[in-house]
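Below are the chains, spelled out letter by letter.
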Amino acid sequence: MEKRDGIQRGEASLLDLRSYLFSRQCTLLIFLQRPWEVTQRALDLLHNCVQELRLLEVSVLEGALDCWVFLSCLEVLHRIEGCCDQAQLASNCSHTVGLWAYATDKLKSLGELCGLVSEKGPTSEDLNRTVDLLAGLGDERPETVSSLQSPYKKLKEALSSVEAFERHYLELSHAAMEMYTAIGRLRSARLVGKSLAEFYMRKGDPERAETLLQEALKSYVSEGWSLPVTHTRKQIAECQKLLGRTEDYLQTSALLAGDVNLTTEERKHFCQELLTFAAKSGAPKVTLSMGVFAQLTRLQFHPATASVHSGAVLQVELTLRCLMPVSVHIQQVAASIHFDVDHGGTHGRSKSTQRHRNPATVEFIQANLSAGPPSSSAAGPSLEMDEIQDRSPSDNSLNSTGVVCKNTHLLMRRHDSSSPPDTPNCFSPPAVAMKEGAQMLKVQDVTLEPGNNSITFTAPSGQPGTYTLRQLCAIVGQVQLVLPHIYPSVQYEVYSQEPQLTVEPLSEPLLAGLPQMVKFTLLTGHYAVKKGDALQLSNTDTMPILPSTSCTARITDPTAESVSESVLFIQSSEKVTSISLPPTPPYHTLEFQLEVLCIIPSGTDRPANERLTNGEIRHRPRSYSHPDTPMTAIDQRMSIDCPWSIYSTLLALTFYIPFKTKHSLLSAGNRKYIQVCVHNVSDVNFTLAEMRLSEKPLASLELQSLNAKTQQLLCSKHSVFCLWEVRWKDDLPSCLQCVFSANFSPLKQDVSSFKPFHYQFQFERVTTLYSVRAEILPPAGEQHCRSGFLCGLEVCITRLTEPAEGELAEESKTDTDGPKTTKLMYEVADSSSNWAVCGKSSGMVSMPITANATHKVQIEVMPLFAGHLPFPKIQVLKYLPHTAAVAIQPDPDSCVENDSLSLLDKTLDDQADTASIRSRGSVHSVGSGDQQQKGVAMPRLEPFSPGQVFNHSHARQVLVLPSTDDHIMEVNAT
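Definitions and limits used
- Residues numbered from 1 in each chain as written.
- Predicted model: local features only at pLDDT ≥ 70, side-chain atom pairs only at ≥ 80, totals over all residues.
- Heavy atoms only, no water.
- Helix = DSSP H or I, 4+ residues; strand = E, 2+ residues; numbered from the N terminus.
- Buried < 20%, exposed > 50% of the residue type's maximum accessible area, 1.4 Å probe, protein only.
- Contact = heavy atoms within 4.5 Å.
- Areas by Shrake-Rupley, 256 points an atom, 1.4 Å probe, with all protein chains shown as cover.
- Pairing = 2+ DSSP bridges.
- Axes fitted to C-alpha atoms, helices over the stretch in contact; angles between N-to-C directions.
- pLDDT = per-residue confidence, 0-100.
- Core = buried A, V, L, I, M, F, W, Y, C linked by side-chain atoms within 4.5 Å.
- UniProt positions renumbered as here; feature names shortened; annotations may be inferred.
- Salt bridge = Lys/Arg side-chain N within 4 Å of Asp/Glu carboxyl O.
- Arc of directions from axis to C-beta.
- Phe/Tyr/Trp six-rings, centres within 6.5 Å; stacked < 30°, edge-to-face > 60°.
- Polar contact = N/O pair within 3.5 Å; in protein donor to acceptor, adjacent residues only side chain to side chain.
- Parallel < 35°, antiparallel > 145°, perpendicular 65-115°, else oblique.
- Nonpolar A, V, L, I, M, F, W, Y, C, P; charged D, E, K, R; others polar.
- Patch = residues over 30% accessible without salt bridge, like charges linked within 9 Å, V, L, I, M, F, W, Y side chains within 5 Å.
- 1 Å grid on protein atoms, 1.4 Å probe; cavity = no way out; pocket = protein on both sides within 12 Å on 5 of 7 lines; lining within 4 Å.
- Points joined across faces, edges and corners; volume = space filled by probe spheres on them.
- Expected span 1.5 Å × (residues − 1).
- Left-handed = near helix turned anticlockwise from the far one by under 90°.

Colleague: Got a minute to help me understand the overall build of the protein in this structure?
Modeller: Broken down by element type, the protein carries 18 helices and 46 strands. Put simply, the protein has 974 residues, and 44% of those count as buried. For the protein, the proportion of contacts with a sequence separation of at least 24, taken over those separated by at least 6, is 71%. As displayed, the protein has an accessible area near 51900 Å², and 52% of this comes from carbon and sulfur atoms.

Colleague: Explanation requested: the sheet that holds strand 22 (residues 589-597) in the structure shown.
Modeller: In sheet architecture, strand pairing relies on hydrogen bonds along the backbone and comes in two forms, parallel and antiparallel. Strand order in the open sheet formed by five strands is 14-16-22-18-19, with antiparallel pairing between adjacent strands. Strand pairing shows two members of the sheet lacking a second neighbour, strand 14 (500-505) and strand 19 (562-567), which therefore form its edges. On average, each strand axis in the sheet is inclined to that of its neighbour by 25 degrees, with strand direction left out of account. The pairing of strand 18 (residues 552-556) with strand 22 spans three bridges and is antiparallel. Bridging across to strand 22, Ile555 finds its partner in Leu590.

Colleague: Can you help me understand the confidence of the model for the protein in this one?
Modeller: For residues with low pLDDT, the predicted coordinates do not support detailed interpretation. Summarising the model, the protein shows a mean pLDDT of 81, and 82% of its residues fall at 70 or more. Note that residues 604-621 has pLDDT below 50 and, in this model, 32 contacts with residues that lie over four places away or in other chains.

Colleague: Would you explain the nonpolar core in this entry?
Modeller: The nonpolar side chains of a soluble globular protein tend to be buried, and buried together. Ranked by size, the top nonpolar core spans 71 residues in total, and within it Val38, Phe70, Leu99, Leu155, Leu196 and Phe199 carry the most contacts. At 11 residues, helix 4 (residues 64-83) tops the list of elements feeding residues into this core. Ignoring anything within four residues of it in the chain, the contact list for Leu196 reads Tyr169, Leu170, Ser173, His174, Met177 and Leu212. Membership of the second largest hydrophobic core comes to 64 residues, among which are Leu510, Ile555, Leu590 and Met638.

Colleague: I tried to follow the UniProt feature "domain: TRAPPC10/Trs130 N-terminal" (unreviewed entry) in the protein on my own but got confused; where do I start?
Modeller: Under the feature "domain: TRAPPC10/Trs130 N-terminal" (unreviewed entry), the UniProt entry names residues 2-38. Here residues 2-38 is 78% helix and 0% strand, with 22 Å between the C-alpha atoms at its ends.

Colleague: Would you take a moment to explain the pairing of strand 11 (residues 465-476) for this structure?
Modeller: A large share of strand 11 lies buried, amounting to 10 of its 12 residues. Relative to strand 11, strand 5 (residues 328-340) runs antiparallel, the two being bridged by nine bridges. Its bridge partner being in strand 11, Phe339 is matched across the sheet by Tyr467. In this sheet, strand 13 (residues 490-495) lies alongside strand 11 in antiparallel orientation, the contact comprising five bridges. Paired with Thr466 across the strands is Glu493, a residue of strand 13.

Colleague: Just to check I follow, could you spell out the side chain of Thr252 for this structure?
Modeller: Along the polypeptide, Thr252 turns up in helix 13 (residues 246-257). If we skip the residues at most four places from it in the chain, Thr252 touches Arg233, Ile236, Ala237 and Gln240.

Colleague: What am I meant to see in the sheet that holds strand 29 (residues 702-705) here?
Modeller: An order of 26-27-31-29 is seen for the four strands of this open sheet, with the pairing classed as antiparallel. Two strands bound the open sheet, and with one partner strand each, they are strand 26 (659-668) and strand 29. Here the average twist between neighbouring strands, direction ignored, is 25 degrees. Pairing between strand 27 (residues 671-680) and strand 31 (residues 719-727): eight bridges, direction antiparallel. Considered in strand 31, the bridge of Cys677 is made with Phe721.

Colleague: Is there a simple way to explain the pattern of salt bridges in this structure?
Modeller: Where charged atoms of side chains with opposite charge meet at close range, the side chains can pair. Scanning the model with the defined rule gives 30 salt bridges in all. In this structure, Arg202 and Glu112 form a salt bridge, with 3.1 Å as the shortest nitrogen-oxygen distance. Here Glu112 lies in helix 6 (residues 93-113) and Arg202 lies in helix 10 (residues 186-202), a separation of 90 residues in the sequence. Where Lys153 meets Glu140, a salt bridge forms, and the shortest distance between an N and an O atom there is 3.0 Å.

Colleague: It is not clear to me how helix 8 (residues 151-158) should be interpreted in this structure. Could you clarify?
Modeller: Since one α-helical turn is 3.6 residues long, residues separated by three or four positions face the same way. Among the residues making up helix 8, those that are buried are Pro151, Tyr152, Lys154, Leu155 and Ala158. What you see down the axis of helix 8 is that its buried residues fit within an arc of 165 degrees, all on one side. Next to the buried residues of helix 8 lie helix 4, helix 6, helix 7 (124-137) and helix 9 (162-182).

Colleague: Please explain the packing of aromatic side chains as it appears in this structure.
Modeller: Pairs of aromatic rings are described using the distance from one ring centre to the other and the angle between the two planes. For the structure on display, the rule yields 19 aromatic pairs. Aromatic side chains Phe339 and Tyr467 sit 4.8 Å apart centroid to centroid with 50 degrees between the ring planes, which places their arrangement in the tilted category. Taken together, the residues span a long stretch of sequence, with Phe339 in strand 5 and Tyr467 in strand 11 at a distance of 128 residues. Classification of Tyr467 by relative accessible area gives buried; the value is 0%. Here Phe761 and Phe763 contribute two aromatic rings whose centre-to-centre distance is 6.4 Å and whose plane-to-plane angle is 35 degrees, an arrangement assigned as tilted. Given a relative accessible area of 1%, Phe761 falls into the buried group. Pairwise contacts between aromatic rings join Phe165, Tyr169, Phe199 and Tyr200 into one cluster.

Colleague: Explain the side chain of Gln762 here, please?
Modeller: Structurally, Gln762 is set in strand 33 (residues 755-764). Of note is the side chain of Gln762, whose polar atom sits 3.5 Å from the side chain of Gln737.

Colleague: Please explain the packing of helix 8 against helix 9 as it appears in this structure.
Modeller: Packed helix pairs are characterised by how far apart their axes lie and by the angle those axes make with each other. Helix 9 packs onto helix 8 with a crossing angle of 130 degrees between their chain directions and a minimal axis gap of 7 Å. The angle between the axes of helix 8 and helix 9 places the two elements in the oblique class. From helix 8, Lys154, Glu157 and Ala158 reach across to helix 9, where they touch Ala164, Phe165, Arg167 and His168. Per-class residue counts for the contact of helix 8 with helix 9 are three nonpolar, one polar and three charged.

Colleague: Got a minute to help me understand a nonpolar patch on the surface in this structure?
Modeller: Together, Leu14, Leu56, Val58 and Val60 give the surface a local cluster of nonpolar side chains, amounting to about 330 Å² of exposed area. Take Val60: it is sitting in the loop between helix 3 (36-55) and helix 4.

Colleague: What should I look at first to understand unusual backbone geometry in this one?
Modeller: Note on backbone geometry: most residues besides glycine have negative phi, and most peptide bonds are trans. Following Tyr487, the chain continues into Pro488 via a peptide bond in cis, with omega recorded as 5 degrees. Along the chain, the position of Pro488 falls in the loop between strand 12 (479-483) and strand 13. The peptide bond linking Glu508 to Pro509 adopts the cis configuration, its omega dihedral lying at -10 degrees. Even without being glycine, Glu690 reaches a positive phi, approximately 55 degrees. The backbone of Lys717 shows a phi angle near 65 degrees, a positive value even though the residue is not glycine. Mapped onto the elements, Lys717 comes out in the loop between strand 30 (711-714) and strand 31. Lys717 gets classed as partly exposed once you look at its relative accessible area, which sits at 43%.

Colleague: Any chance you could explain the environment of Thr466 here in plain terms?
Modeller: Locating Thr466 in the fold gives a position in strand 11. Through-space distance from the C-alpha of Thr466 to that of Tyr495 is 8.5 Å; in sequence the pair is 29 residues apart.

Colleague: Teacher, can you tell me more about the layout of surface pockets here?
Modeller: Once rolled over the atoms, a probe with the size of a water molecule shows which space is left empty. By volume, the largest pocket is sized at about 1600 Å³. Taken together, 44 residues line the largest pocket, and the ones lying closest to its centre are Lys3, Ser19, Ser72, Glu75 and Arg141. Residue contributions to the lining of the largest pocket peak at 11 residues, all from helix 4.

Colleague: Explain helix 9 to me, please; I cannot follow it from the model alone.
Modeller: Taking 1.5 Å of rise per residue, 21 residues should cover 30 Å, and helix 9 covers 30 Å from first to last C-alpha, within 8% of that figure. The N-cap residue of helix 9 is Ser161: its side-chain oxygen and the backbone nitrogen of Ala164 are 3.2 Å apart. Positive backbone phi, approximately 85 degrees, marks Gly184, located one or two places after helix 9.

Colleague: Would you mind showing me how to read the packing of helix 10 against helix 11 (residues 206-223) here?
Modeller: Two elements in contact, helix 10 and helix 11, have axes separated by 8 Å at closest approach and are oriented at 145 degrees. Read as a crossing pair, helix 10 and helix 11 show a hand that is left-handed. Facing Arg187, Arg190, Leu191, Gly193, Lys194, Leu196, Ala197, Tyr200 and Met201 of helix 10, the residues of helix 11 in contact are Pro206, Arg208, Ala209, Leu212, Leu213, Glu215, Ala216, Lys218, Ser219, Tyr220 and Glu223. Within the contact of helix 10 with helix 11, the residues separate by chemical class into 11 nonpolar, two polar and seven charged.

This is the structure in structure tokens:
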């Protein structure tokens, strides 16, 4: 009320006016039971007043403004405590913690002003300043005189002595920290703790200060505040130095020496602290993390395959980025190696299989981060921004625009104080001692300059196996800098390779019958080829090795660079070809070429009961048809005795026969012809010469070539046909063998390069028994046939030879003394649908078995189309009566259903000349189904062998005119 009176008299100051208005608001809010709004308004009021007084440059006694803020905070809190119980205060500490923290900050400022924080205590000037501040407070208000914990008494007591100040400051600081922690505001709690740590530092208590500073450092690092990280580390280093924690102090000094937020002079100071300790001869050895000193950024193998044979030289090049501001001399840099015996790599595994297992270069981008400013990735996920627009619903005009963060839940999440930091540069990592291994990579006396430095090791490669780099260590005097884990994993392999001999074609594919060059490759492995060592190749009749006047061997080292060349000495005998090898060091490659010839098999080894009707070669077991090429493949194997092994080495080559050959037996009446077709299935053009056909063995077989040429071109994917007329005697065997031979060579080569080619086949001697002639007669009164009109088809079947021994014949039942006859079945069919057979299409005839016996059959046919139509197909079959049939269970697939066939053999015998059998397919058996099911012997049909029946009308055509019907065509003209 005094301030109200002063306002009415016009004597109130700005603070008096503000205080009066605020006190009236607080009273109303408390009456409205909204006390928690008072704290927020009070905090805003105090901050605004302090700023306005500074802006208006109002002159006040130094420290007076801090006293007013401290008293105001505590008075508001005291009033709130008076109207709320403890449970309400505890549950609503989020509203009051701001005033507690503000009061703590102002009390600290007053303590620093009055000299109550320093170790030596307040000076006389500080005491005079304290007296002035206490005098400015005036007398305590009457309403709080009786209170022992009034804000006035607390402030007066805190400024009266060092002990009282420390007690009140610690009380306020711990209260604010507890409240911030309770509501989850860890960042603010650690900020108060950092302020408290500075108080402890000034009071000479670095142990407590370091604990609080480490907690604050966690927050700064996890949130990416690089400058507060640097400042806090400097404070931590000061505490560690005062506490005598040498190892921790050196670790922090190394972090600060590599921190670019510091000036060069500061960085050099902390680096010198590390180097000074390292130079002390009597100092204890200290192990630090290498990440605070240098980064491993790159590792590269030489050779790049990271795989060498035992005893070879392998170098490992490391790239270290030194974080120190000055050059540092390193006594030794070492890398520990874990050795694992790899049995798969010590028994003949080739170098090519390991060439891509290990990377040649490893980049350490995310590993071993230094103690510099945290990167954006270490500070958390990047911002994901999106544009938002506010448009008018009436005319869609743009009212406002802005951006919104879509991943706020990731960026604003809090970090638990108990969890470790997310990045490796929060504070010094724990030092891990170097594990001494059986094998180490070491290099002495290395000077690391600021920035990137290259260090090259020579790796051990004596024992085959896998070598994995585990740790890296640098020794600087008494300081050992250790990288405990090299990640990602880096390893190299040392192999012990057995000698390997391979053979491969110089060009694909290898053609049989022609000289072909093949390349022999010897990987010596751990074996050293000595003078006098030779390869012993077993000769085979099917693939001889051709002699050569000069054969050069080429020796290359593991990097494929040529070492030397020498001429091979080759000796051949009947069974073995010996190749003397030049001296070759271990793990080198020896290459040479030889000319081989694969003999094309003639097909002599065939089973006795095999008959060839299509003329194709019966392949031997070593020959087969390859699915990727139409050529027939032949696998040729060679056995080689090597000086490094007691066992023979088997190597295989695949040759391809460039030709497919087939034969066929053709007939023209009584004359017989043999046709041989040679088809070139390769991609090479050939020249064929001296094509001959001979019999085997000689049996006085007469062969006459009809289209013989001296030479003939055989292009790729084309064929050559050769035709011979053949005559034989009656006393010759029924099965005859012939050999087709020719010389072939690739096109545009001389005669000397021609190679022989043989094709052997066999065929049955066939005699033509019957001839079939057909004539088509036009309708009466017409000169030509017309479509749609009936025409006559006259079929004449003639016996050409006398009956042979064993030929089936029976006596005619009408005349027991007459000539012997045989029954034939004829069938007229048209698969091309050019003719319609009217009446009977098949029938049976009794044919006398005498030369020139003839039987004629008349059939009515109708042409369905006009033009030159081929004659209908006429087929003649043997008819075997039931007496010659064997009572067997018939094959269902060979029986053809016949609607009109119901006559038995007796009826067929009686009506042999007129019986008609209409079949829906090829006739194979005659009889009822029920009787066949019971196994009764029934008549059957059997086709003649190829060449026994010659059809003179096979390829004949007849002219058929269109019908003379008039057709009306309607034409519209516009």
